[in-house]
Amino acid sequence: KNNNFDGTLPSELRILKELSDIDLLGNRFTGSIPSELKYLRAPSNLSLTSNAFSGSLPSEIGSLQELTYLNLWSNDLGGSIPLEFGNIKSLIHLDIGRNSLTGTIPSEIGLLPRLFYLDLGDNYLGSSIPSEFGKLKALGHLLLGWYQLTGRLPSEIGNLTSLTRLNAAANQLNGNIPTTIGNLKSLEYIELKENRLTGILPSKSGGWASLTSLNAAHNLLNGSIPTSIGNFKSLQYIALHDNQMTGTIPSAIGNLVHLTELWLWNNKLTGTHPSEIGNLTSLGAFSVGPNRLSGTVPTEFGNLEEVWHLLLGGNNFSGTIPTEIGKLTKLDVLLIEGSQFMGHFPSELKTCSTGLSLLCPNNNQLMDPLSNCGQCST
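Everything quoted here is computed from the prediction, not taken from an experiment.

K.L.:
In this structure, what is going on with the overall build of the protein? I would like to understand it.
P.N.:
Secondary structure assignment for the protein yields one helix and 23 strands. Seen along its three principal axes, the alpha-carbon backbone of the protein occupies a region of about 85 × 45 × 30 Å. Here the protein holds 378 residues, and the buried ones make up 51% of them. Taking contacts inside the protein between residues at least 6 apart in sequence as the whole, the part at least 24 apart equals 48%. Accessible surface for the protein amounts to roughly 15500 Å². Of this, 48% is attributable to carbon and sulfur atoms. Between the mean site of the 23 positive side-chain charges and the mean site of the 30 negative ones, the protein shows a separation of 6 Å.

Written out as structure tokens, the structure reads:
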């Protein structure tokens, strides 16, 4: 593997009947995958990752009953996924992502009892997610992002109690996020961004104790941010921006002391900033504008010593900009335009002593114009 071999795979591979491990990762092979692979007696590993193979997936691979690892990621394979892949009962790893596959996802894949890793993403598959996937009890990674999936997330996904990573981003999924996703007690990463999902975030997700990343941005979600989000204390990343969420930012979000990024912009959130946000001392990026937030910005924002990106603009804030914000030495981007801030601008920011690269204070009611800001005034 990882050489510069090119050319095609010869059909004479059928002579090597005892061959058990084929790893040609990272070369420049072209042409089709030979169907003569079916003559191999007991191969356990077939890895043709990162080549330029084309043509269709040979259904004959489905006869390789001892195969545990099948990785065809990043080629130019087309056609449909053979139903016969459901016959490889020993399969643990199946990766056919980043190809040009079309058609539907065969429900037969749900018959693979040992499957732990499944990547079908970055293709042109235009079907719904088979409910039979709920039978994959050993599945730890389900990667279905970046193609043309339609329909709903099946509630049967809630049966995958070993799942740690779920990615169904950038599809055309619609309907509600099933409440059964809250049953996924091992889940660490969930990415559902850039779909057409509606409804509310599941509030009964008590099993997400290991969740570190939640991304449901760029959907049509409504309702409020559930207070139960404060129970997911391993969270490091939350992206719920560009939805239609309403209600307030729950004070329980201050329990997420490991949070490094919080993106809530372009919703319809109301109410005031909870002072508990000051507990998020690891927070690097905090974006809540535009929304419909009001009231004053808590002085506790001065506790956000790691913050580099702070977007508060496009709200209905009142009062002054806390001087504590001027003491955030890592702050690089401060966007407060289009709010109702009054009074004086913090002197530390006014002279750009914090090293800001982007500062947008426009359309407020500040008393003193900015001076000596050079490149950081936009």
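K.L.:
Just checking my understanding: could you explain the packing of aromatic side chains for this structure?
P.N.:
Each aromatic ring pair is specified by the distance between its two centres and by the angle formed by the two planes. Across all of its chains, the model carries four aromatic pairs by this definition. Note on Phe29 and Phe53: the rings are 6.2 Å apart at their centroids and 15° apart in plane angle, and the pair reads as stacked. Taken together, the positions of Phe29 in strand S3 (residues 28-29) and Phe53 in the loop between strand S4 (45-47) and strand S5 (69-71) put the pair 24 residues apart, joining distant regions of the chain. When the centroid spacing of 5.7 Å and the interplanar angle of 65° are considered together, the rings of Phe286 and Phe301 count as edge-to-face.

K.L.:
Teacher, can you tell me more about the nonpolar core here?
P.N.:
Within soluble globular proteins, side chains that are nonpolar generally end up buried alongside one another. Core analysis: the largest hydrophobic core is formed by 98 residues, its most contacted members being Leu118, Leu120 and Phe133. Those residues in contact with Leu118 that sit more than four places away from it in its chain are Leu94, Ile109, Phe133, Leu136, Leu139, His141, Leu142 and Leu143.

K.L.:
Looking at this model, I keep getting lost on the pattern of salt bridges. Mind explaining?
P.N.:
Once their charged atoms are close, side chains differing in charge can pair, the charge on each being opposite to the other. One pass over the structure, following the stated rule, counts four salt bridges. Close ionic contact of Arg98 with Asp122 constitutes a salt bridge, the shortest N to O distance being 3.5 Å. With Arg98 in the loop between strand S6 (93-95) and strand S7 (117-119) and Asp122 in the loop between S7 and strand S8 (141-143), this pair connects stretches of sequence that are 24 residues apart. Notably, a salt bridge pairs Glu191 with Lys193, separated by 3.3 Å at the nearest N-O pair. Comparing Glu191 with Lys193 shows no difference in burial state: the two are buried.

K.L.:
Before we go on, may I ask you to explain unusual backbone geometry in this structure?
P.N.:
Excluding glycine, residues mostly have negative phi values, and the peptide bonds linking residues are mostly trans. Omega for the peptide link from Gly289 to Pro290 comes to 0°, which places this bond in the cis form. With respect to the element layout, Pro290 can be found in the loop between strand S16 (285-287) and strand S17 (294-295). The backbone of Ser74 shows a phi angle near 60°, a positive value even though the residue is not glycine. Note on placement: Ser74 falls in the loop between S5 and S6.

K.L.:
Could you clarify how one ought to interpret the environment of Glu306 in this entry?
P.N.:
Structurally, Glu306 is set in the loop between S17 and strand S18 (309-311). Overall, Glu306 belongs to the partly exposed group, its relative accessible area being 34%. Counting along the chain gives 247 residues from Glu306 to Ser59, while the straight-line C-alpha distance between them is 53 Å. If sequence neighbours within four positions are ignored, Glu306 has contacts with Thr281, Ser282, Leu283, Gly284 and Lys330.

K.L.:
Where do I start with the side chain of His273 in this structure?
P.N.:
Following the sequence through the fold, His273 ends up in the loop between strand S15 (261-263) and S16. Residue classification places His273 among the buried residues on the basis of a relative accessible area of 5%. Look past the residues within four positions of His273 in its chain and what remains in contact with it is Ile249, Phe286, Val288, Leu293, Ser294, Pro298, Phe301, Leu312 and Phe317.

K.L.:
Is there a simple way to explain the side chain of Asn219 in this structure?
P.N.:
Mapped onto the elements of the fold, Asn219 is located in the loop between strand S13 (213-215) and strand S14 (237-239). There is a polar contact of 3.2 Å between the side chain of Asn219 and the backbone nitrogen of Asn195. If near-sequence neighbours (up to four positions away) are discounted, Asn219 is found in contact with Leu192, Lys193, Glu194, Asn195, Arg196, Leu197, Asp242 and Asn243.

K.L.:
Got a minute to help me understand the environment of Lys268 in this structure?
P.N.:
For Lys268, the location among the structural elements is in the loop between S15 and S16. C-alpha of Lys268 to C-alpha of Gly289: the two residues are 21 residues apart in sequence and 9.7 Å apart in space. Beyond its immediate stretch of four places on either side in the chain, Lys268 contacts Gln244, Met245, Thr246, Gly247, Asn291 and Arg292.

K.L.:
Would you mind going over the confidence of the model for the protein with me for this structure?
P.N.:
Parts of the model with low pLDDT should not have their predicted coordinates read in detail. Per-residue pLDDT for the protein averages 91, and the proportion of residues at 70 or more is 95%. In the predicted structure, residues 371-378 sits below a pLDDT of 50 and forms 21 contacts with residues beyond four places in sequence or in another chain.

K.L.:
Any chance you could explain the environment of Pro202 here in plain terms?
P.N.:
One can find Pro202 in the loop between strand S12 (196-198) and S13. For the pair formed by Pro202 and Asn3, sequence separation is 199 residues and the distance between their alpha carbons is 48 Å.

What counts, and where the lines are drawn
- Residues numbered from 1 in each chain as written.
- Predicted model: local features only at pLDDT ≥ 70, side-chain atom pairs only at ≥ 80, totals over all residues.
- Heavy atoms only, no water.
- Helix = DSSP H or I, 4+ residues; strand = E, 2+ residues; numbered from the N terminus.
- Buried < 20%, exposed > 50% of the residue type's maximum accessible area, 1.4 Å probe, protein only.
- Contact = heavy atoms within 4.5 Å.
- Areas by Shrake-Rupley, 256 points an atom, 1.4 Å probe, with all protein chains shown as cover.
- Lys, Arg positive; Asp, Glu negative; His and termini not counted.
- Charge placed at Lys NZ, Arg CZ, Asp CG, Glu CD.
- Phe/Tyr/Trp six-rings, centres within 6.5 Å; stacked < 30°, edge-to-face > 60°.
- Core = buried A, V, L, I, M, F, W, Y, C linked by side-chain atoms within 4.5 Å.
- Salt bridge = Lys/Arg side-chain N within 4 Å of Asp/Glu carboxyl O.
- Polar contact = N/O pair within 3.5 Å; in protein donor to acceptor, adjacent residues only side chain to side chain.
- pLDDT = per-residue confidence, 0-100.

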